[in-house]
Structures are given as C-alpha cells and as structure tokens.
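Coordinate analysis (summary)
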Amino acid sequence: MRFAIVGAGAIGGFVGALLARSGQDVTLVARGPHLRAIQEHGVRVRGAIGDFVVRLPAIDDVESVGAVDVVLLTLKAHSLAEVAPRLVSLIGPDTSVVSMQNGMPWWYFYRHGGEWEGTHLESVDPSGLLAASIDSALVVGCIVYPSAVVVEPGVIEHIEGTRFSLGEPDGSKSERCRAIAEAFIRAGLRCPIRTDIRHEIWVKLMGSVAFNPISALARATLVEIVECPQTRALAIEIMTEAEAVAKELGIDLGVTVEQRVAGAAKVGHHKTSMLQDVEAKRPLELEAIVGAVVELGEKMGLPMTHTRAVYACAKLLDQSIRASVSG
C-alpha cells in the first residue's frame, strides 16, 4: 500500500517510520527543521518500542506526492483547514483518508443517523471548509493512544502505547479498514477495528475535555489535578456536563466519572497534549477537544457552566500564545 502521512510530527513520524520499516511505501509531509533533519538523517525513533532509524521520502509540498492508497492525517485539528484544500492531489478513486485528530472530528455526524444526522459543528469545521474539501465517504476514523514527542528535529521518543483503533462512520467492518489494520499490525502496532468508533471517541474525549484545559491553565500533571480537591471537583463537573451531551447523542459510556478520575490518578505525572503545547508555545487543540462539546451542549439546551468557563479561560490563553508566536 502507498501511504502519505500529512503532518509527520511525533505521531505521524512514529507511525510512518514503523510502516516504512515493515515494507510499506510511505511518504512523509512535514516542514521546518524537523523535515530537514528527516531528509538528511531519516526518522530516528527511540524509547519504549526500541531504537532504530528509517530513511524514507519526506517533503513539504503535499501537492507533489500524487494519488496514494491511504492518507493519514496526523496533524493537529486546528491545522486541518490550512492543508485540506490541497489534499485533492493525494486522492484517487480508491483512496482512504484516515482522520487521527484528538477530540470531536469534523465528520462525526456523517452517517450518524437519527435527528443529529448531518449536524455541522462550526467549532471544528469553520464555514464547512473541511467537509467541502474532503469527501466524508473517504474517511476512516482513528483513535490514537500512543504517546510520543519530538525531542529534537528528526528524533521521536516513543513514551508508551501502540494502539490505533479504526472504525467506519457507518459501523461496518470494511475491506479498507481491514487492509489498513493489517498494514499497521505488520508494522508492530495494535489496530482493532471498531463497529462503534463514536463510542470510543467519547470515552477518550471524556477525560480530554476536562484534564486538557485544566492542565494547560494550571500547568499541572494529571495526578496533580486529581490530588487538588478544587481542580478534582472541577474536572468532575466538566466530565459530568460532557457525559450529558454524550447521552443526548445516544452514547452509553460504560464508565463512571469517578472511574475516569481514578484512572487519571493512576497515570501519574503525565503532561496532557495541551500542557505540552503550552510549554512549547504552540497553539492549543482547543476547539475539537472543548469547543465542540460546548457547542453541542448549547445546541441541546444543556447547562455547560463549568465547561464554558474553563473553555473561555483556555481560549484567552490560546490567543495569547498565537499572538506571541505571530509577533
């Protein structure tokens, strides 16, 4: 299979290196010093999965790759709008587009069924640009569980995890899902195919919607948030509000809020992705993780008091980071 990995940072570079090492045809799309280091030295992976180097094609011009079998979208959700109109050059008659963003994806209500079918979320797809640029029929959902960081240009440290859950928006176990999963498995990754990918989106989102913005604002790890009575209580309130939104969409999470809090405590001094972005002075992946839940709650007429308050503070923090970067 021919893969194009768009946004080959920590997760994209990690997956690309493993796929290429197993014999797949992989092209990375990256930029800046990270791209130049990969072009010169290859992708250098170290950590929990072992230490190795893989040399593979890496470019910054997505339009020069040509049509591929699978496009892996591994860039942050807020970066999708910039690149989406240029993805047309990667797409042939049988191309699959694997959405690997955190939070609520833009395609969530495609083939959703029921009263929410076709709902548009402005928070994750401003002006409908993503839906207009990427045919939702091409999309395969993916939940990313591994943790990895770019410790220096071209060098990716794999901290933990190898699971990438796949799922069709309509819940079918399609041949394209099987083919992608088989490629991931041959690369040494776990890749279960889910018949209800939206349930898994919400199970992960339940923790992210609370712990990500609190950690960014308080500069705190998961265990620090849970051990502080005030932030613990705040996280519980936000997760309870998010749970109400999920229930309106017919999602039975199968795990209580208290169980999620206990699970976060066991993770220990883990820095959320949003906290890592704050420390690196990168824009926050705020809309897909928090803004979408607030928007849905408001559409449903649900009180989102705690989530909206934390979202407002995190929004101001994000604006400050973006201003400092652009200035």
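Please refer to the structure placed before this passage.
Since the model is a prediction, treat every value here as computed from it, not as a measurement.

Glancing now at the packing of aromatic side chains. The full count for this structure, using the stated rule, is 3 aromatic pairs. When the centroid spacing of 5.6 Å and the interplanar angle of 75° are considered together, the rings of Phe-164 and Phe-184 count as edge-to-face. Of this pair, Phe-164 sits in strand S11 (residues 164-167) while Phe-184 sits in helix H5 (residues 175-186), and the two are 20 residues apart along the sequence. The class of Phe-164 is buried, set by a relative accessible area of 0%. The ring of Tyr-145 carries Arg-163 above its face, with NZ or CZ at 3.8 Å from the centroid. Of note, Arg-198 hangs over the ring of Tyr-108, and the distance from its end group to the ring centre comes to 5.4 Å.

Bridging between strand S3 (residues 43-47) and strand S4 (residues 52-54) involves 3 bridges; their strand directions are antiparallel. Opposite Val-43, over in S4, you have Val-54 as the bridge partner. Count of turn residues in the S3/S4 antiparallel hairpin: 4 residues, of which Gly-50 carries a positive phi of about 115°. As paired elements, S3 and strand S10 (residues 155-160) share 4 bridges and run parallel to each other. Each bridged residue has a counterpart across the sheet, and for Arg-46 the counterpart in S10 is Glu-157.

Negative phi is the rule for most residues except glycine; trans is the rule for most peptide bonds. Phi is positive for Arg-111, close to 55°, though the residue is something other than glycine. Its place among the elements puts Arg-111 in the loop between strand S7 (91-99) and helix H4 (129-133). Owing to a relative accessible area of 45%, Arg-111 belongs among the partly exposed residues under this scheme. Of note in this structure, Lys-281 is not a glycine but carries a positive phi near 55°. Structurally, Lys-281 can be placed in the loop between helix H10 (273-279) and helix H11 (286-300).

What follows covers the state of the cysteines. Disulfide: a covalent bond formed between the sulfur atoms of two cysteine residues. Evaluated as defined, the whole model comprises 0 disulfides. The closest cysteine sulfur to the non-disulfide-bonded Cys-177 is located on Cys-191, 8.1 Å from its own sulfur. Here Cys-228 stays free of any disulfide, with the sulfur of Cys-313 as its closest cysteine sulfur at 15 Å.

It is worth spelling out the environment of Arg-31 at this point. Positionally, Arg-31 belongs in the loop between strand S2 (25-29) and helix H2 (32-41). For the pair formed by Arg-31 and Ala-181, sequence separation is 150 residues and the distance between their alpha carbons is 27 Å.

With that settled, consider the pattern of salt bridges. Any two side chains of opposite charge can pair, so long as their charged atoms come close to each other. Following the criterion strictly, the structure yields 13 salt bridges and no others. Between Asp-25 and Arg-2 there is a salt bridge whose closest N-O contact spans 3.9 Å. Placement of the pair is Asp-25 in strand S2 and Arg-2 in strand S1 (residues 2-6), with a sequence separation of 23 residues. On the basis of relative accessible area, Arg-2 is assigned to the partly exposed category, the value being 25%.

Reading across from one edge, S4-S3-S10-S9 is the order of the 4 strands in this open sheet, with mixed pairing throughout. Looking along the sheet, the strands with just one partner apiece sit at the ends: S4 and strand S9 (147-152). In this sheet, adjacent strand axes meet at a mean angle of 25° when their direction is disregarded. Its contacts with the sheet place helix H1 (residues 10-21) against S3, S4, S9 and S10, and it is angled at close to 85° to S4.

What counts and how
- Residues numbered from 1 in each chain as written.
- Predicted model: local features only at pLDDT ≥ 70, side-chain atom pairs only at ≥ 80, totals over all residues.
- Heavy atoms only, no water.
- Phe/Tyr/Trp six-rings, centres within 6.5 Å; stacked < 30°, edge-to-face > 60°.
- Helix = DSSP H or I, 4+ residues; strand = E, 2+ residues; numbered from the N terminus.
- Buried < 20%, exposed > 50% of the residue type's maximum accessible area, 1.4 Å probe, protein only.
- Lys NZ or Arg CZ within 6 Å of the ring centre and 35° of its normal.
- Pairing = 2+ DSSP bridges.
- Disulfide = S-S within 2.5 Å.
- Salt bridge = Lys/Arg side-chain N within 4 Å of Asp/Glu carboxyl O.
- Axes fitted to C-alpha atoms, helices over the stretch in contact; angles between N-to-C directions.
- Contact = heavy atoms within 4.5 Å.

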